[in-house]
Amino acid sequence: MVRRQAVPEFWISRDARVAEQLWWGAQEGRGGELADLFAALPPQAMVEAVDRRRGGEQWPAVLEELAHRYGV
């Protein structure tokens, strides 16, 4: 089974910052559980996650809160 974030079409029309995070998370030997959680978020939550991370928040806390909020 191909992970959906491994398909190029998954990134089309996404915020460039989000696409970059998804691409890095999908690379061999990178990502893991947090990358999978990020990839499962709806697009608007991905943008919020990147903005919050750039604002100094830590990935685990941001992703856990957004996953809970969006029922991922």
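Note: the structure precedes this text.
Here the structure is a predicted model, which is why all the values come from computation and not from measurement.

J.: Explain helix α3 (residues 43-54) to me, please; I cannot follow it from the model alone.
T.: The periodicity of an α-helix, 3.6 residues per turn, causes residues three or four positions apart to be oriented the same way. The terminal C-alpha atoms of α3 lie 17 Å apart, and with twelve residues this matches the ideal 16 Å at 1.5 Å per residue to within 8%. Buried within α3 we find Ala45, Met46, Ala49, Val50 and Arg52. The buried residues of α3 occupy an angular sector of 165° when the element is viewed end-on, so they sit on one face. Glycine 56 occupies a position one or two residues after α3 and carries a positive phi of about 110°.

J.: Can you help me understand the side chain of arginine 52 in this one?
T.: In this structure, arginine 52 sits in helix α3. Since its relative accessible area comes to 19%, arginine 52 is described here as buried.

J.: What am I meant to see in the environment of phenylalanine 38 here?
T.: Following the sequence through the fold, phenylalanine 38 ends up in helix α2 (residues 33-40). Spatially, the C-alpha atoms of phenylalanine 38 and valine 18 are 9.4 Å apart, while their sequence positions differ by 20 residues. Residues within four places of phenylalanine 38 in sequence aside, it is in contact with Val18, Gln21, Leu22, Met46, Ala49, Val50, Trp59 and Leu63.

J.: In this structure, what is going on with the packing of aromatic side chains? I would like to understand it.
T.: Inspection of every chain in the model, using the stated rule, returns one aromatic pair. Summarising the aromatic geometry, the rings of phenylalanine 38 and tryptophan 59 are spaced 5.6 Å apart at their centres and angled 80° between planes, so their arrangement reads as edge-to-face. Residue phenylalanine 38 is found in helix α2, and its partner tryptophan 59 is found in helix α4 (residues 59-70); the two are separated by 21 residues along the sequence.

J.: Sorry if this is basic, but what is going on with the nonpolar core here?
T.: Soluble globular proteins tend to bury their nonpolar side chains together. If you look at the biggest cluster of nonpolar residues, it comprises twelve residues: Val18, Leu22, Phe38, Ala39, Leu41, Ala45, Met46, Ala49, Val50, Val62, Leu63 and Leu66. At the level of secondary structure, the elements contributing two or more residues to this core comprise α1 (16-26), α2, α3 and α4. Here this core takes four residues from α3, the largest share from any one element. Setting aside anything within four residues of it in sequence, one finds valine 62 in contact with Ala49, Arg52 and Glu57.

Here is what the cut-offs are and how they apply
All residue numbers refer to positions counted from 1 along the written sequence of the respective chain. Reporting in this predicted model follows two pLDDT cut-offs: at least 70 for local features of residues, and 80 or more for side-chain atom pairs to be given and counted; totals over whole chains, interfaces and linings ignore these cut-offs and use all residues. Side-chain metrics rest on all non-hydrogen atoms present in the structure, leaving aside hydrogens and water. A run of H or I in DSSP counts as a helix once it spans at least four residues, and a run of E counts as a strand once it spans at least two, with each numbered from the N terminus. Expected helix span is given by 1.5 Å per residue-to-residue step, counting one fewer step than there are residues. For the exposure calls, accessible area comes from a 1.4 Å probe over protein chains only, and a residue counts as buried if that area is under 20% of its type's maximum, exposed if over 50%, partly exposed in between. Here the arc refers to the set of directions running from the helix axis out to each C-beta atom. Contacts between residues were defined by any pair of non-hydrogen atoms, one from each residue, lying within 4.5 Å. Classification of ring pairs uses Phe, Tyr and Trp, with its six-membered ring standing for Trp, and accepts pairs whose centres are within 6.5 Å; under 30 degrees between planes counts as stacked, over 60 as edge-to-face, and the remaining range as tilted. Buried Ala, Val, Leu, Ile, Met, Phe, Trp, Tyr and Cys residues form a nonpolar core when they are joined through side-chain atoms within 4.5 Å.

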